[in-house]
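The lines below spell out each chain.
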Amino acid sequence: MDAADRENPSEVVSHRSANSNSRACPWTDEETGDEGTGEETFREEDPAIPPELEWLEELEDSDGDLAVAADDGGKRSYAETARMFKLRRNLDQLDCFHRQKEHDVLKAREELKVCRQNIDDLEKQRDSLEEEVERQKEADNSVAVFRLRAQHKRLCQELQREEELEGHINTNLKQQELELCQVEVELGRFSSLQREVQEEEQVFRALKAQSAATRLQQENDASQNLQLKMQHLKDKQAAMHRKEETQRQNKIEEAQASRKKAAKYLKETIKRMHEQEAEKEQQNRELMQKRIQAVKSLKSNIAAAQESLWVQQSRAKANAQKKEQEERQLRESLQAQGINSTKHMYQQKQLQEFQRKKQEFEERQKSKRVEIVAKILQEEQLVERRKRHRALLSEPTPTDKASYLGRAREKLLRCLDPSPPLAMEERARTQREFSDDSSSSSAASDFEDPEEATNQEEEQQSLTDNLAEPEFSGLWDQNYKKSLDEKAKLLQEEAKQEVPLVAAGKLNLPAKKAVCGKELKGPPFISKPEVILFKDFEVGNTYKKKIILISYSTNYCRLLGVSAQLMDFVSINFEPPGSLSSGMACDMQAVFQPMINKDLEGEVQFASAVGPFSVPIRCTIKKCDLEVDSHLIDFGSHVVGQTISRTITLTNRGALATLFSLDTSTCLSPETSRVQMPSQASTNTQQESSSQNTSSDNQKSSASKSTGELRSKQESQELSVALQQEQPVSEASAAGPKTVADADVPSDVEAQMDQSTSDSSDFTLGEVREGEIGPFESVKLEVVFTPTIPGEAKLDFHIKFSDFTSKPIPIMVRGVADSVPVWVAQPSIDLKICMFDHLYQDSIMVQSRATTALRLTFEVCPEMRNHMEILPKTGFIQANSSFNAQLKFLPRCSLSEDGKKFFDRDMGVLEVPLTVQVADQVRPVSFTVQAVITSSDLQFDRTKVDFGFCSIYQSVKTSVRLTNLSLLPQDFGFLGVPEVIEVQPNDGFGTLLPLETLEIDLIFSAKKAKEYHFHLNCKSGINREFLLSCRGVGVRPPVELSHSLVQFGATAVGDQSNALLYLVNPVGPAAPRLFSFALPEDSEISVTPSAGRVLPGERCLVQVTFRPRLLDQEIREEALRLLRRAKLLREQELERRRQTEQETEQEVPAEPSRGKKAPQPRPQGKQAANPKNSKVSDGPKTEGPTTSPNPASIQPGSEEYEEGRASLLYSFTWRYREYTIPCFVSDGDPPAEDPQAQPAWSPLNTLYLELHCPAIRPPLVVTSSNGQNTIHFHQVAVGQKVVKKFTVQNISKESLDLKSSVLDVSGPFCLLNALRCIRPGEKHTLLLAFSPTLGKKYRETLEVRSPTMTLEVTLCGEGVLPVITSSPTGGLLHFGYALERESASKVLKLQNSSAVAVGFRVLLASLSPSRPQSGADSPRVLLSTYPDSQIQPTVGTQNHSGLSVFSVMPIEGAIAPGKSQDITVAFQPDHQSVNYSDTLTVELMNKSKVCVLDLKGAACSHNMYLYGGDPLTVSIESLLPPLKPSEPHLTESERLEKPSIPVLLTLRGGYSDGAIRPAVRELEVGCIRSTQPAKKSGEFHWDNVASLQQQGFSVEPSRGSVEAGQRRTVTITWTPHSGYKPNEVLQVCVPLTLKGDETEVYSVTLLALASIAPDL
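What counts, and at which threshold
Residues numbered from 1 in each chain as written. Predicted model: local features only at pLDDT ≥ 70, side-chain atom pairs only at ≥ 80, totals over all residues. Heavy atoms only, no water. Helix = DSSP H or I, 4+ residues; strand = E, 2+ residues; numbered from the N terminus. Buried < 20%, exposed > 50% of the residue type's maximum accessible area, 1.4 Å probe, protein only. Contact = heavy atoms within 4.5 Å. Areas by Shrake-Rupley, 256 points an atom, 1.4 Å probe, with all protein chains shown as cover. Salt bridge = Lys/Arg side-chain N within 4 Å of Asp/Glu carboxyl O. Expected span 1.5 Å × (residues − 1). Arc of directions from axis to C-beta. Pairing = 2+ DSSP bridges. Axes fitted to C-alpha atoms, helices over the stretch in contact; angles between N-to-C directions. Core = buried A, V, L, I, M, F, W, Y, C linked by side-chain atoms within 4.5 Å. Parallel < 35°, antiparallel > 145°, perpendicular 65-115°, else oblique. Left-handed = near helix turned anticlockwise from the far one by under 90°. Nonpolar A, V, L, I, M, F, W, Y, C, P; charged D, E, K, R; others polar. pLDDT = per-residue confidence, 0-100.

Asks: Describe the overall build of the protein chain, and please don't skip the residues or the numbers.
Replies: Of regular secondary structure, the protein chain possesses 22 helices and 77 strands. Across the 1656 residues in the protein chain, those meeting the buried criterion constitute 34%. Contacts in the protein chain between residues at least 24 apart in sequence constitute 73% of all its contacts with a sequence separation of at least 6. Carbon and sulfur atoms form 51% of the exposed surface of the protein chain, whose accessible area is close to 99200 Å².

Asks: Now, about the pattern of salt bridges: what can you tell me, with residues and values included?
Replies: Tallied over the full model, the rule gives 42 salt bridges. With a shortest N-O distance of 3.8 Å, Asp-830 and Lys-832 are connected by a salt bridge. Via salt bridges that share partners, Arg-88, Asp-92 and Glu-201 belong to a single interconnected network.

Asks: Lay out the environment of Arg-154 in plain terms, naming residues and giving numbers.
Replies: Within the element layout of this structure, Arg-154 appears in helix 5 (residues 142-189). A relative accessible area of 46% places Arg-154 in the partly exposed class. As for Arg-154 and Arg-126, which are separated by 28 residues in sequence, their C-alpha atoms are 9.9 Å apart.

Asks: Lay out helix 19 (residues 1199-1211) with the relevant residues and their values.
Replies: Given a rise of 1.5 Å per residue, 13 residues ought to cover 18 Å, and the 18 Å separating the end C-alpha atoms of helix 19 matches this to within 8%. Along helix 19, the residues that are buried comprise Tyr-1201, Glu-1202, Gly-1204, Leu-1208 and Leu-1209. All buried residues of helix 19 fall inside an arc of 160 degrees around its axis, so they share one side. Looking at the buried side of helix 19, the elements it contacts are helix 17 (1112-1146) and strand 49 (1260-1262).

Asks: Tell me about the sheet that holds strand 37 (residues 1011-1020), and please be specific about residues and values.
Replies: As summarised here, the arrangement of the five strands in space is 31-38-37-33-35, forming an open sheet in which the pairing is mixed. A single partner strand is all that each edge strand has here, and the edge strands are strand 31 (944-951) and strand 35 (989-992). Put simply, the sheet's adjacent strands are angled 25 degrees from each other on average, direction ignored. The pairing of strand 31 with strand 38 (residues 1025-1035) spans six bridges and is parallel. The residue of strand 38 that forms the bridge with Phe-949 is Val-1033.

Asks: Can you lay out the nonpolar core for me, pointing to particular residues and giving the numbers?
Replies: In terms of nonpolar packing, the biggest core is built from 40 residues, with Ile-844 and Met-864 touching the most fellow members. In this structure Met-864 touches Phe-889, Leu-895, Gly-899, Phe-902, Leu-910 and Val-912, once residues within four positions along its chain are discounted. Formed by 37 residues, the second largest nonpolar core is a distinct cluster that contains Val-1039, Val-1087, Leu-1247 and Ile-1291.

Asks: Any details on the packing of helix 4 (residues 78-138) against helix 6 (residues 191-337)? Residues and values, ideally.
Replies: The interhelical angle for the contact between helix 4 and helix 6, taken along N-to-C directions, is 140 degrees, at an axis separation of 10 Å. Judged by the inter-axis angle, helix 4 sits oblique to helix 6. Here helix 4 and helix 6 pass one another in a crossing that is left-handed. Contacts between helix 4 and helix 6 involve Thr-81, Met-84, Phe-85, Leu-87, Arg-88, Leu-91 and Asp-95 from the first element and Leu-193, Gln-194, Val-197, Gln-198, Glu-200, Glu-201 and Phe-204 from the second. Looking at the contact of helix 4 with helix 6, its residues break down into seven nonpolar, three polar and four charged.

Asks: Give a detailed account of the sheet that holds strand 10 (residues 613-621), specifying residues and quantitative values.
Replies: In space, the four strands of this open sheet follow the order 4-10-9-6, with mixed pairing throughout. Of all the strands in the sheet, just strand 4 (532-537) and strand 6 (557-562) have a single pairing partner and so form its edges. Going across the sheet, the axis of each strand differs from the next one's by a mean of 20 degrees, ignoring polarity. Relative to strand 9 (residues 600-608), strand 6 runs antiparallel, the two sharing five bridges. Each bridged residue has a counterpart across the sheet, and for Leu-559 the counterpart in strand 9 is Phe-606.

Asks: Could you give an account of the packing of helix 17 against helix 19, naming the residues involved and the relevant values?
Replies: Helix 19 packs onto helix 17 with a crossing angle of 100 degrees between their chain directions and a minimal axis gap of 8 Å. Here helix 19 runs roughly perpendicular to helix 17, going by the angle between their axes. Note on element contacts: helix 19 touches helix 17 through Glu-1200, Tyr-1201, Glu-1203, Gly-1204, Arg-1205, Ser-1207 and Leu-1208, opposite Asp-1112, Glu-1114, Ile-1115, Arg-1116, Glu-1118, Ala-1119, Arg-1121, Leu-1122 and Leu-1123. In terms of residue class, the contact of helix 17 with helix 19 is built from six nonpolar, two polar and eight charged.

Asks: Explain the confidence of the model for the protein chain residue by residue, including any values.
Replies: Looking at the protein chain as a whole, its pLDDT mean stands at 76, while 75% of the residues score no less than 70. In this model residues 1-74 is a low-confidence stretch, pLDDT under 50, and it forms 92 contacts with partners more than four residues away in sequence or in other chains. When the criterion is pLDDT under 50, residues 415-484 qualifies, and its contacts beyond four places in sequence or with other chains add up to 68 contacts.

Here you go:
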């Protein structure tokens, strides 16, 4: 029964449940076989069956039909057969449904059993917990009680859920058992129906067997009739076959006799060819030896030339350096003199350039003149040669000719090149020598033959025309050679035209002359033979021929010469006979000495009384004249399988041997149109090379000296290349003459010949396909026609020759093949790939075109009868029909032993030839069965797998390799896999390609702590089983990980990814555990914490961080690669420059002079005296073999290291790594006796954490600070701010929106600019500032975030407290008195004692923007703390000009560590005042004050001043100038008299105990030191001193002088008299006169009083 017709029982049940309301039978009348009855289905009165079994009711209707079919016993109808199959299908479905219900019941019982077992376990745990709670209550351990109660509550909840699950499963089991019982009842109801169906099937099989027997009997009868017919045909064909065999035997004998005869001549020909090739090979070897010697000499010359070139380059570089140094010195000297050096140098260069161009122009003019002279000399030689032809009649004297030529040459040289008198004298002397030589040579040649002289002149002319040529011509001389050849042709044509004309003009005879009153027609002499023919000549031989001249009339003849093209080869021996009568004859001899292998034509010219006449000469080389006797070969009609041969004759009627070959290609390309003969090619090469060597040795010209050096290099290079190309030829020739002959044949010809030979067409060529045909020989070529395919056959081939003048001869072959009457439609049966022990079948179709039936017999070789069979073995094929046979192939394992000659055991290829014997047909029909036999084995790389110890919380993976040993794809699958094992990929199912090996992962996950033993069953697609034994031990570790696998996301290099997991120590009697993660060395993984201790019932948080980075070794190797690449680029650049310089030097035009060498530059000055200067080289120095740097020598942080790191980052694509990190867990704490001892570590407790870490290229990289992510601000003084730049670049293909983390707002680091979105390839610079506030080290991390990466930047810096001291440290800085509009200065010194540079600034209170605009401070601030303090403001009087009266230099700056800084404070008043004051403050960058100084000063308009006394005015002055009141009532004398300056001086005495204490005050008189030329000192004196003494005042001194820059103190003492009353005021006014540059009078008012109360 077909499996496709079956349905899944579960689908059937669901379908029936969906149609529960419909009780009708789903079968129609057509299905049951009741046509048109329309009866209703039978319904039983039994209780209703389940809805999913309603479809069984249809079986009830089939009882009556089955009984009818059983009683019938006759021939069954189609409907009955269909009904039987449908009944069988429905019964099978019922059995399947029954099995499914049984499976469901068993499954429910197993679930119920497991659930009850879980309930028992939970009840036991609940009881143990209750007991533990009671014990903890007794021990008053409340913490443990609460924990145990929580566990008890959770356990009770689980027990409740299990009990509910048990009830549900029990209910489900009862339902499944009920349904199973119903299905069994239904199955019992239809048991009789099933037996009846089986009986019906037996009846059906019996009927089918009876039909097969009847058909077999019919086939046997037909086979016997066919065999009789085939026997008759076989006898008939045997007679025909015997007749054809006799004819074929006769033809074979004839062919063998002719082949023996041809072989004899072929051996002689081959022997002769080998001898010739051996001679040519010896000549080639000698020539090659000569060339090798020439190459060696050229190499030595090239080395010498390179060395000289290197010396010249060194000298040129030294000269250039010297020139640059001189230019630099000249420029410096010009600049020192005040001259514009750039302009001067430019003018000098322009002048030098002009001189150089002028010199080049003159040299070009000279070279052109030399060329003109050379052309004129050539023309003169041509004229001279023409005159020598005319010298046969009248020869001019050599002296006249030489003098004429000398005058012409001298005149031309004077016109072209006016030279000094010395040169003219040399030329005249040369001309005289030339004339003497020419006269002597002419005198000596008077007795020589003029024709020989002409030949010598021609040879000299040819030698002079052809310069010294190299063996291998270059591209530079092609045009020159063409021009020379054209000139030579023109000269020859002119000579041909002028020689007969000159001869005719010399004789001065008419062209026609009458003899005896009759005009003579035709030539005056007749030559026998009429044409002097030298046929088939060879170079190097001498040929002579005798010619007879017969006169027509009384005449004489004289030899004029031969044609110009024959002068070098043909010589005529002729003695003039004098006058000849009519009919008389004279003879001459022509001697031909060929020197070139070329056809020549010309004539011998004679002069006679009647006129000139000539005898033609024709010289022909050896040529080939090839032809065949027939161009068409027609075989006619023949039957397939016969062999017929035809012969054509190839004849060479020429005197030149050549190689021939048969080419069966359809189209003839120009490259394969001829075959090169090795002997002829080598001869031509030898002749050409010898002629070139001769010409190069004999021809030397002064015009070639200028380009000799440039050409020698190119010639040597070409010669070396040619030598390398010829070396393989010489090696091949040394192997033997036959290999040389084969090597010279083009590869295309060989390929075509091989292809034509291996072609399985109907036409085949005979054994003679190529060879040599000698002169006047013939060769027979055989063509064989063996028809294999019916129809017309055609073949076109060519006979090709090595002689380039002989065209290929086309040959056409035609034939018609008639097919055999019986053939196999598929001559080659390919069974493809077959497996051992599997049956394969195919059909063999035999077709016949005969008009009668034929008997066929299929024959299988005895070796293959155990494996291959053809059914039927014998049969008859009817006329014009086909016959099919069945081929059965069952390859067994003994095939390699049985069919050794048909089966290749190594390759697995089977090729069996089979035949079909046809009656009355001599030739059997053969066909071939092909197959590739392969095995069906699947092989594991090992038979046992040991997983070792595996934690129940984790899995262990191991890999096995499964190999398909078959040549066919095979499906495989692991069936019945235990639940503790997982097979990947594709859950253990897949397809193996031929000979493919697949790595299969076996993942072992132990469920319990026990030992596992099991077998894995791998089944192939053909139901073959392969077992794999496995073993593993499951263990329960005391500590578990919350996650055993961590898969990190794609993390950019430089970024980091974090993962959190827990290490849990479960609750129970377990002890505290120590753990330790063992990280691999130099890994990108970090675990925090890597070691620790976990208490029972606790868990430890573990953070795993993945930071992808570049390995140090990779960076070093990349840096080393970049260094090597840079070095290589530098070397290439130097080599390119060197080549450019060489090309530039080669392009320099050569010297135009012929016979003179170019003058060598002589060294001058020190260079000539010192020989060491000649060794200076401008090229790179040749260094010895340097070793490549070691990657370990590249240190991190170096420039090379950072370049390598940046290169790797830019070229980084992605990287994926997996880490397996073991976590070792101890058995407990160390022993209490020795806490320092190591605890016990068990390998069974080890946990494993698997990490998947993909790394990608960072989208953001750092381009500043050598790619470092750390910014070091180093030490910075507190209060200062240092700003650094940090640049990042976007190297991704997308725009990045940058963001940053927030730095500590109270910290010292600050990001000054905002981040933005940067496009691909753009850069962005971050400005980071560091301003420490405390003296300590700072470290902070700034995160630059992008959508795919976070770049961490570490900021480091150290704050240092500045230590600055000042001198003075503070107080008052008084400048004293100074003249107005003059200055006084003082120095303030700051010392830096800290370790960093400290910045400072100096502030003046007068310049502070926060100073009140009114210019006055509060009175309380104005009070001073000095002993003589008065009410003074912080900022006093200022200059009227608006400028500050006090100035500081410098106002800000930085002091280096350990250094000091001087600050100059200048006092510059512009008007007179004693209230100048200001405050100077020195601050650091952190706003701390170093010192605060009060600045005070006074200004006078004169050099003398008085200091002291009581203030009479306020200290704040107006900025407006003082007003001058009008004085209309003053007299002129009063106006001239200066007013006195009031001064108040108060003296206070004390009164105690009846006595009065005297009072003392001081005044100071000073003189200001000035830079102006004025009085250097001053004087002072008091007036009315006597009146003062009367009042009790005394002044000391009363008079004196003061030096410039000094002060003198005047002491005033008041001692009251005895009658003085206390508190009585005494006032006296005394004038004080000061004399300096001007005289000033001070009116000093003295107020004295004595108070009773003591002075405070």
